[in-house]
Amino acid sequence: MSEPNDAAARRAVEPVICYPTNDFPQPDLTLYQRAAASAVVAVEATAQPREASCLEVPAGSFLRITSVEGAQVGDLNLFNAADLSERFYSGKTRALHGTHVSTGERLWSSFPHLRPMATIVRDTLDWYGIDEYGGSVHDVIGTRCDPYTGRLLQGHDYHHCCHSNLTRALADHLGISVQEAEPHIHDVLNVFMCTGFTRETGQYFMKASPVRPGDYIELFAEIDMLAVLSACPGGDCGAEHTSDTAPCYPLHMSVRTPVEGALSGWVPPERNAYDGTHGR
Ligand SMILES: [Zn+2]
């Protein structure tokens, strides 16, 4: 199509932020960080390379995900431990906080619950910011690598994509079949992954993660959570995924319990107050 005469004027309209952050109820980050500093490890697990692992994270405790051995990206699913229908909502988290999340931002749950499931309290990669390519760390724009897209684009089956790893780990944790577990798997928080969109074509890109052994991201559990983490077959996601080619390393998970009284004043968030009648 040819451009209309006023194309330049239409493009020149200034954008407005959909959800200005000063409208949000703010978490008490100082309280959380003080509690995190005194917390002790209660339970640990390791997501082995090209596998996933589950941990229950009680409300009021912390989940730390740590890079060990080598640069590695993780795909994280979060559920309400008592109700799997309430789960991490990547799309709404993106709409509220932007394409990538870091310290002070929150991970929101699906409709009709829509409440913060977790708050990011510490992120050793929060110095990274946005690089010259428009890349940043911990994205909520990718979905998760999966065998269906692999089949579509490469024409063969690969069973250790994050989607399949998460499915097997959830199935084993709940004692159900992979067929029963699969519908619960949802779009992830791409932990440590460095991604963005190309300015020219708007395509999703990835680049080698800046994560190094010892780096971690730590979440405060606002509700009782079940966390499932896959060590992505893409490794640092600097070259490719959906294959066994990339060097791949484990990711360590730990649940940390704060000392008694460290969270005084904290109240777990209620489910969203919308009445659900939709005008009827
Ligand atoms: Zn993956």
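Owing to the predicted nature of the structure, the values given are computational and were not obtained by experimental measurement. (Residues numbered from 1 in each chain as written. Predicted model: local features only at pLDDT ≥ 70, side-chain atom pairs only at ≥ 80, totals over all residues.)

(A) Fine view of unusual backbone geometry. Following phenylalanine 111, the chain continues into proline 112 via a peptide bond in cis, with omega recorded as 0 degrees. Mapping proline 112 onto the fold places it in the loop between strand E6 (106–108) and strand E7 (116–123). One non-glycine residue with positive phi stands out, namely glutamate 69, at about 75 degrees. Its place among the elements puts glutamate 69 in the loop between strand E3 (62–67) and strand E4 (74–80). Positive phi outside glycine occurs at histidine 138, with the angle close to 65 degrees. Position of histidine 138 relative to the elements: it lies in strand E8 (residues 136–139). (Helix = DSSP H or I, 4+ residues; strand = E, 2+ residues; numbered from the N terminus.)

(B) Seen up close, helix H3 (residues 90–97). Residues Ser90, Thr93, Leu96 and His97 constitute the buried set of H3. Each buried residue of H3 lies within a common arc of 130 degrees when the element is viewed along its axis, so the set occupies one face. Considering only its buried residues, H3 is in contact with E6 and strand E9 (189–197). (Buried ≥ 20, exposed ≤ 12 C-beta atoms within 10 Å, placed from the backbone. Arc of directions from axis to C-beta. Contact = placed C-beta atoms within 7 Å.)

(C) Structural context of the sheet that holds strand E13 (residues 251–257). Spatial ordering of the open sheet is given by E1-E13-E3-E11-E7-E6, a layout of six strands whose pairing is antiparallel. This sheet does not close on itself; its edge strands, each paired only once, are strand E1 (40–47) and E6. Here the average twist between neighbouring strands, direction ignored, is 25 degrees. Looking at chain direction, E1 and E13 are connected through seven bridges and run antiparallel. When the bridges of E13 are listed, alanine 47 appears paired with leucine 251. On top of the sheet, helix H2 (residues 29–37) reaches E3, E7 and strand E11 (216–221); it is set at about 65 degrees to E7, its chief contact. (Pairing = 2+ DSSP bridges. Axes fitted to C-alpha atoms, helices over the stretch in contact; angles between N-to-C directions.)

(D) Molecular detail of the pairing of strand E10 (residues 204–207). The pairing of E9 with E10 spans four bridges and is antiparallel. Among the inter-strand pairings, phenylalanine 197 is bridged to a residue of E10, identified as tyrosine 204.

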